[in-house]
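This is what each chain is made of:
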Amino acid sequence: MSTEHEQNDATPEIDEALMTLLSLLWEAAQSSPGKPWSLAKLRKRADVSMSTLLRCLNALVSADLVTLVTRDDGTGSAELSVAGHDLCTAVFSQAPNGGAGKMPLPGDNQ
C-alpha cells in the first residue's frame, strides 16, 4: 500500500521532468539542429538525477517523441523524433506569450 502512495506522490515530479525534457530537447533542436544533446548536458539542465532522466527519456521514446542513443560506458545523447518535433512545434506555436522558442514550464510566471 505504501508503494502505491509513493508512486502517486512521484507523479508530479515525473510529469514536470517530462515537460522540462521536452522543452530542453526543443531548445536543442532550435539552437543546434541535427545535433543531439548529451545525456550529461540534459541531466544538468533539467536538474534531475540520471535515473530520473533515463526513466523520463524512456517514456518519451515509448511515445515515439524522442530518439535516445546510449553507450556501454554510460554516455549517450537524445533528440526529438519527427513526431516529437511536430508535437513541440504545435505546442510552442500555441504559447501564450506568442514566442516559439521555449515551452513554459510548470511554475514559470507568465
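Below or above, wherever it landed, is the structure these notes cover. Quantities reported herein were computed from a predicted structural model and do not represent experimental measurements. (Residues numbered from 1 in each chain as written. Predicted model: local features only at pLDDT ≥ 70, side-chain atom pairs only at ≥ 80, totals over all residues. Heavy atoms only, no water.)

1. Quick notes on the nonpolar core
Point 1. One finds L21, L25, L42, L53, L57, V66 and A78 to be the most contacted residues of the largest nonpolar core, which totals 22 residues.
Point 2. Listed by contribution, the elements that provide at least two residues to this core are α1 (2-31), α2 (39-46), α3 (50-62), β3 (76-80) and α4 (82-93).
Point 3. Filtering out sequence-adjacent residues up to four positions away, A78 remains in contact with L25, P36, W37, L39, L42, L57, V66, T67 and L68. (Core = buried A, V, L, I, M, F, W, Y, C linked by side-chain atoms within 4.5 Å. Buried < 20%, exposed > 50% of the residue type's maximum accessible area, 1.4 Å probe, protein only. Helix = DSSP H or I, 4+ residues; strand = E, 2+ residues; numbered from the N terminus. Contact = heavy atoms within 4.5 Å.)

2. Describing the pairing of strand β2 (residues 66-70)
A regular strand carries its side chains on alternate faces of the sheet.
Point 1. As paired elements, β2 and β3 share 5 bridges and run antiparallel to each other. Bridging from a neighbouring strand, T67 pairs with E79 of β3.
Point 2. As consecutive antiparallel partners, β2 and β3 are separated by 5 residues, and within that stretch G74 has a phi angle of approximately 95°, a positive value. (Pairing = 2+ DSSP bridges.)

3. Quick notes on unusual backbone geometry
Point 1. Positive phi, close to 55°, is recorded for D47, a residue that is not glycine.
Point 2. Residue placement: D47 occurs in the loop between α2 and α3.
Point 3. Backbone geometry at D64 places phi at a positive 60°, although glycine is not the residue there.
Point 4. With respect to the helices and strands, D64 occurs in the loop between α3 and β2.

4. Here's the deal with the pairing of β3
Point 1. A large share of β3 lies buried, amounting to 4 of its 5 residues.
Point 2. Inspection of the sheet shows strand β1 (residues 37-38) paired to β3 by 2 bridges, in the antiparallel sense. Looking at β3, one finds that S38 is bridged to S77.

5. With respect to the sheet that holds β1
Strand pairing in a sheet takes place through backbone hydrogen bonds and is either antiparallel or parallel in direction.
Point 1. Strand order in the open sheet formed by 3 strands is β1-β3-β2, with antiparallel pairing between adjacent strands. With partners counted over all chains shown, the strands left at the sheet margins are β1 and β2, one partner each.
Point 2. Together, β2 and β3 form the strand contacts of α3, whose direction differs from that of β2 by roughly 130°. (Axes fitted to C-alpha atoms, helices over the stretch in contact; angles between N-to-C directions.)

6. Description of α4
Point 1. Between its first and last C-alpha, α4 extends 16 Å over 12 residues, near the 16 Å set by a 1.5 Å rise per residue.
Point 2. Among all positions of α4, only G84, C88 and F92 are buried. Taken around the axis of α4, the buried residues stretch over an arc of 60°, which confines them to a single face. (Expected span 1.5 Å × (residues − 1). Arc of directions from axis to C-beta.)

Any functional reading would require information that these geometric values do not contain.
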